[in-house]
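# Observations on the model geometry
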Amino acid sequence: MSDQDRKRTPEMPAPKVVEPTIFDLSAPGRTGVTFPPPDVPTAPLPEALLRADLPLPELAEVDVVRHYMRLSKFNYSIDGGFYPLGSCTMKYNPKINEDMARLPGFAHAHPLQPFETVQGSLALMYQLQEWLKEIAGFAAVTLQPAAGAHGELTGVLIMRAYHGSRGDTKRVKMLIPDSAHGTNPASSGVVGLEILQIPSDERGNVDLPALKAACDDTVVGLMLTNPNTLGLFDENVEEVIKIVHDCGGLVYGDGANLNALLGIVRPGDLGIDVMHFNLHKTFATPHGGGGPGSGPVGVAEHLVDFLPTPLIGVVEEGEGEMPPLFGYFTPAKTIGRLKAFHGHFGMLVRAYTYIAMHGPDGLRAIAENAVLNANYLQTLLRDTYHVPYERICMHEFVAEGRIEGSDVRALDIAKRLMDYDFHPPTNYFPLIVHEALMIEPTETENKGTLDAFAEALIQIAAEARDQPELLHEAPHTTPFGRMDEVKAARELVLCCWLPEDYKEKG
Ligand SMILES: *Cc1c(COP(=O)(O)O)cnc(C)c1O
């Protein structure tokens, strides 16, 4: 697809093209490499390792570059356009983060080097632990978990280990609100806990009577996302936490929505016992197709001893101008190691850079502008798309993807947005909102972008009434039309690029 095509108006369907595979572009004898003459004696290859038939494509370098360049343009990215995918915090990733992660001293460090030789990397990790403690109000932080869900697993193992260490072995249940992300029940489930779902009340808060009824001495704790996935700050959060603590349970904080709270509220101060951060959301490290996540976990004082090993700490205070010597520590009752080496170090460098660049006031401004942007969009769209909870939202909101007098669904609206060159919002989550469209603009978008996005959604609502088939069949301007997502997930074809005759041979 050329850049011309990208700017095609929504009314102009794209001509359907058949995408050539790299084999279609191949021609016998073309080559993209020239080997220098060998400077060692040649030797015959072992017969047993040779294949009679290996259909590799034959192309010149320029053909290969153009092929992959063209494919790369099919993708939608945060560097290409607005990406309001709710709960994912798809904010702009500052390019200085990339420069820092590529500094040879960081990029070429080996995790098995003697610790005296990687003091710079350890100093960065130590400082990041300290900053995350301060930002969220915790006594200690591990940087090991690979992403949010892995942080949840870490946190749940810590909660179980805490109860176990006190001989409190009756506790087998995790309480999880019905607005929670699917990873919450999943991570409790893999640890072998029983899941008990807690309903939300009519204002989108945790239902207090239901929570009280569920709390007893068999409860490990509650997994609480605040603000929750409806984009609402729980109005009774302190009461919720007290109820769980009063029955001896712990409160896990799902920190995916920390972007709304930076510099304003510290989860640790609210009484949260353990929480994961999603560095790739709140602290702008690339995610989605852009790179691995990172899910550090913070804990309150009574859980410090259970953290995974190793933590980064000061081994020897520096004298005078000398910096301290950093090294590794194993907490006294550690749950063990959760990840090889030190987690996704490159992501730690990016998050460190982002925090250093913004400073305390800058971090607070992030939260304020994220909340402002979401409320601005909610206000523009509320008359067109029903928002089930009549409240000021935090950094995101959930609208219903339904239009009076039309049979279109949230999926149709999401797909049609692609024709307007916007990434669709999260849809069909959270599960408690019918035909949910979960919209998170983030703080990095300007008013012009928010206005254009709202205008597109309002125009789509008009189309839904007048030309619903336009939505049912959307998208029209993308290289490929509507995908069968169920088939794509259930019947994965991972080698479609192979020539037919080779596939048949298995
Ligand atoms: C993103 C998210 C998670 C999971 O985090 P990953 O980093 O994707 O593993 C958990 N809970 C909520 C609310 C989220 O938005």
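Just so we're clear, the structure is a prediction, and the values are computed from it rather than from any experiment.

### Quick notes on helix α6 (residues 148-165)
End to end, α6 covers 25 Å across 18 residues, agreeing with the expected 26 Å (1.5 Å per residue, within 8%). All of the buried residues in α6 are Gly148, His150, Gly151, Glu152, Thr154, Gly155, Val156, Ile158, Met159, Tyr162 and His163. After α6 finishes, the residue glycine 167 shows a positive phi value of roughly 75°.

### What to know about the sheet that holds strand β10 (residues 397-400)
Pairing within the open sheet is antiparallel, and its three strands lie in the order β10-β12-β11. Unpaired on one side and paired on the other, β10 and β11 (426-427) mark the two borders of the sheet. Across the sheet, helix α12 (residues 345-381) touches β10 and β12 (436-439), and the angle it forms with β10 is around 15°.

### Some words on the nonpolar core
Counting 55 residues, the largest nonpolar core has Leu132, Leu211, Phe277 and Phe283 as the members making the most contacts within it. Counting residues per element, this core draws most heavily on α12, which supplies ten residues. If we skip the residues at most four places from it in the chain, leucine 132 touches Gly137, Val141, Leu143, Phe277, Leu279, Phe283, Pro296 and Ile355. In this structure, Val387, Val408, Ile439 and Ala456 belong to the second largest nonpolar core, which totals 28 residues.

### A short note on the pairing of β12
What you see with β12 is no split at all: Ala436 and Met438 on one side and Leu437 and Ile439 on the other are buried throughout. Taken together, the four bridges between β10 and β12 define a ladder with antiparallel strand orientation. Opposite valine 398, over in β12, you have methionine 438 as the bridge partner. Here β11 pairs with β12 via two bridges, running antiparallel. Among the inter-strand pairings, threonine 426 is bridged to a residue of β12, identified as methionine 438.

### As for a nonpolar patch on the surface
A cluster of nonpolar side chains, Val64, Tyr68 and Leu71, forms an exposed patch at the surface whose accessible area comes to about 240 Å². Looking at the secondary structure, you find valine 64 in helix α2 (residues 61-73).

### Some remarks on the confidence of the model for the protein
Low pLDDT means the predicted atomic positions in that stretch should not be read closely. Looking at the protein as a whole, its pLDDT mean stands at 93, while 94% of the residues score no less than 70. Low confidence marks residues 1-7, where pLDDT is under 50. Its contacts with residues over four positions away, or in another chain, come to eleven contacts.

### Here we look at the environment of asparagine 259
Looking at where asparagine 259 falls in the secondary structure, it is placed in the loop between β5 (250-254) and α10 (267-270). The spacing of asparagine 259 and methionine 394 is 135 residues in sequence and 9.4 Å in space, taken between C-alpha atoms. With sequence-adjacent residues up to four places away left out, asparagine 259 is seen in contact with Thr89, Lys91, Thr282, Ile366, Ala367, Ala370 and Glu443. A polar contact of 3.0 Å, which involves the side chain of asparagine 259, links it to the side chain of glutamate 443.

### With respect to the site of the ligand
Around the ligand there are 13 residues in total, and Ser87, Gly148, Asp254, His280 and Lys281 lie nearest to it. In the model, a nitrogen atom of the ligand is placed 2.6 Å from a nitrogen or oxygen of the aspartate 254 side chain. Here lysine 281 contributes a side-chain N or O atom positioned 2.8 Å from an oxygen atom of the ligand. Notes on the ligand: free accessible area 380 Å², of which the protein chains cover 87%. Broken down by secondary-structure element, the contributors of at least two residues to the shell around the ligand are α6 and α11 (279-282). Looking at the shell around the ligand element by element, the count peaks at three residues for α6.

### Describing the sheet that holds strand β7 (residues 297-299)
With respect to topology, seven strands assemble into an open sheet ordered β1-β7-β6-β5-β4-β2-β3, the strand pairing being mixed. Each edge of the sheet is formed by a strand with only one pairing partner; in this case those strands are β1 (140-142) and β3 (194-198). The mean angle between the axes of side-by-side strands here comes to 20°, regardless of whether they run parallel or antiparallel. As judged from the five bridges shared by strand β4 (residues 219-225) and β5, these two strands associate in the parallel manner. Following the sheet pairing, methionine 223 is matched in β5 by tyrosine 252.

So, how was this worked out
Residues numbered from 1 in each chain as written. Predicted model: local features only at pLDDT ≥ 70, side-chain atom pairs only at ≥ 80, totals over all residues. Heavy atoms only, no water. Helix = DSSP H or I, 4+ residues; strand = E, 2+ residues; numbered from the N terminus. Expected span 1.5 Å × (residues − 1). Buried < 20%, exposed > 50% of the residue type's maximum accessible area, 1.4 Å probe, protein only. Pairing = 2+ DSSP bridges. Contact = heavy atoms within 4.5 Å. Axes fitted to C-alpha atoms, helices over the stretch in contact; angles between N-to-C directions. Core = buried A, V, L, I, M, F, W, Y, C linked by side-chain atoms within 4.5 Å. Patch = residues over 30% accessible without salt bridge, like charges linked within 9 Å, V, L, I, M, F, W, Y side chains within 5 Å. Areas by Shrake-Rupley, 256 points an atom, 1.4 Å probe, with all protein chains shown as cover. Salt bridge = Lys/Arg side-chain N within 4 Å of Asp/Glu carboxyl O. pLDDT = per-residue confidence, 0-100. Polar contact = N/O pair within 3.5 Å; in protein donor to acceptor, adjacent residues only side chain to side chain. Near = heavy atom within 4 Å.

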